[in-house]
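# What the coordinates show
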Amino acid sequence: APAKPRPMLFNPAARRAATTFCSYCPCNPPAKPLPEYLPPPTCIPPYSGAIYFFNGDTFDGGGDHIEHIGGTLGYRTRNTFPNGIPWMVDLDVDFNSSIFDSQFLEFEYRSFLNQIGYVPAMAGHAKYSIGPYAFVLEWNGALTTADFVDDAGTPISMQPEAWQFQVAYQFDWNPYVEVIGAQGTYVVFGYSESRDLAGVEKAIGDPLAPTLIRVGDVPERRLSAGVGEWVLDGLRVAFEYSHVIDYDLNQGGTGNSADGVFMQVTYEW
């Protein structure tokens, strides 16, 4: 089997601590020479496509009615430079007849869906990897506007969209690695922006004296940086720093910014 990228942060720290108290522990086996290995050839068609029909939740009219349609078209290829460094490109375009059938928008704007109706949307992403680097560019957006009146009586005309860019680096990379970040230790940096997602006013509580709260909002801009490590096969520990900036006051936001640090533990079996 080909050599896997080695954990470089948490796993070595634990091994060093273990050998400090237990010097006989064979935690540092001698390095094995990289075997002569060629990955098996893959015969995957470069083009892919699908069209599907489904019963969504844009309208809660009951019954099992096929009222939504979606589709996807993709292209994927991979090769190797003359110097032996592999590269891969993955391009996809998607369509959906109702952007407000997505989990976030459906939940946040559920009391306004009867006014909004069907708003078609498209999405596109490009993934590119070369050696230890991986790049992702993604865009999601509505194709028409959603017009409704929120619970504060304000006429709303919104065409929500968002895009993001990410770059990742794999430590201890070797030519046998197919997916950046799926083994060993890696770092990732990302930036994203949104439009027309400052949120709207929704009434909750007593119908005679309701309280207005802001719903359906996401940051206008977000910058993140993270590090992750598969400390064991199937066990990953990751940390992320995030800096978000809200929409301005004249756009319905607060104009504030915030910082956060997050930890995630993932176990696969």
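Please read all numbers here as calculations on a predicted model, not as lab measurements.

Here is what the cut-offs are and how they apply
- Counting starts from 1 at the beginning of each chain's written sequence and moves along it residue by residue.
- pLDDT decides what is reported in this predicted model: residues at 70 or higher carry local features, side-chain atom pairs at 80 or more are listed and counted, and totals for whole chains, interfaces and linings draw on all residues regardless.
- Heavy atoms throughout the structure, all of them, feed into the side-chain values; hydrogens and water do not.
- The secondary structure listing takes helices from DSSP runs of H or I that are at least 4 residues long and strands from runs of E that are at least 2 residues long, numbered from the N terminus.
- Whether a residue is buried, partly exposed or exposed follows from its accessible area with a 1.4 Å probe, protein chains only, as a fraction of its type maximum: under 20%, in between, or over 50%, in that order.
- Residue contacts are counted whenever heavy atoms from the two residues lie within 4.5 Å of one another.
- Accessible surface is estimated by sampling points in the Shrake-Rupley manner with a 1.4 Å probe; for residues, cover comes only from the protein chains shown.
- Between Lys or Arg on one side and Asp or Glu on the other, a salt bridge is scored when a side-chain nitrogen of the former is within 4 Å of a carboxyl oxygen of the latter.
- Each nonpolar core is a collection of buried residues, namely Ala, Val, Leu, Ile, Met, Phe, Trp, Tyr and Cys, held together in the definition by side-chain atoms within 4.5 Å.
- By the convention used here, strands pair only if DSSP detects at least 2 bridges between them.
- Two rings belonging to Phe, Tyr or Trp (six-membered ring only in the last case) form a pair when the distance between their centres is within 6.5 Å. Interplanar angles under 30 degrees mark stacking, angles over 60 mark edge-to-face geometry, and anything in between is tilted.
- In this scheme, the term charge over a ring applies when either NZ of a lysine or CZ of an arginine sits within 6 Å of the ring centre and within 35 degrees of the ring normal.
- Within a predicted model, pLDDT stands for the predictor's per-residue confidence, ranging from 0 to 100.

Next up on the list: the overall build of the protein chain. When you go through the protein chain residue by residue, the secondary structure sums to 3 helices and 14 strands. A burial count over the protein chain gives 30% of its 269 residues as buried. For the protein chain, long-range pairs separated by at least 24 residues make up 56% of all intrachain contacts whose partners lie at least 6 apart in sequence. Only carbon and sulfur atoms are counted for the fraction: they give 61% of the accessible area of the protein chain, which is about 16,900 Å².

This part covers the pattern of salt bridges. One pass over the full model with this rule turns up 8 salt bridges. The salt bridge partner of Asp217 is Arg214, with a shortest N-O separation of 4.0 Å. Counted as one network, the salt bridges with shared partners bring together Glu161, Arg195 and Asp196.

Attention now goes to the nonpolar core. Across soluble globular proteins, nonpolar side chains show a tendency to be buried alongside one another. Grouped together as the largest cluster of nonpolar side chains are 19 residues, with contacts concentrated most on Phe100, Tyr109, Ile116 and Phe148. Those residues in contact with Phe148, other than ones at most four positions away along the chain, are Tyr109, Phe112, Gln115, Ile116, Thr154, Pro155, Ile156, Met158 and Val200. By size, the runner-up hydrophobic cluster in this structure holds 5 residues, among which are Ala134, Ala168, Val177 and Ile180.

Looking at chain direction, strand S5 (residues 133–142) and strand S8 (residues 161–170) are connected through 9 bridges and run antiparallel. Bridging from a neighbouring strand, Val136 pairs with Gln166 of S8. Both S8 and strand S9 (residues 185–195) contribute to a ladder of 10 bridges, which runs antiparallel. Within the sheet, the bridge partner assigned to Gln166 lies in S9 and is Gly190.

Within the structure shown, the criterion is met by 13 aromatic pairs. Ring geometry for Phe10 against Phe239: centres 5.7 Å apart, planes inclined by 50°, an arrangement best described as tilted. One end of the pair, Phe10, is in helix H1 (residues 10–21); the other, Phe239, is in strand S13 (residues 235–245), and 229 residues separate them in sequence. Taken together, the ring pairs in this structure connect Tyr128, Tyr133, Phe135, Tyr169 and Phe171 into an aromatic cluster. In this arrangement the basic side chain of Arg110 is found over the ring face of Phe107, its NZ or CZ atom lying 4.4 Å from the centre.

Here the protein chain averages 89 in pLDDT, while 89% of its residues score no lower than 70. S8 holds the highest mean pLDDT among the elements of the protein chain, 98, whereas H1 holds the lowest, 80.

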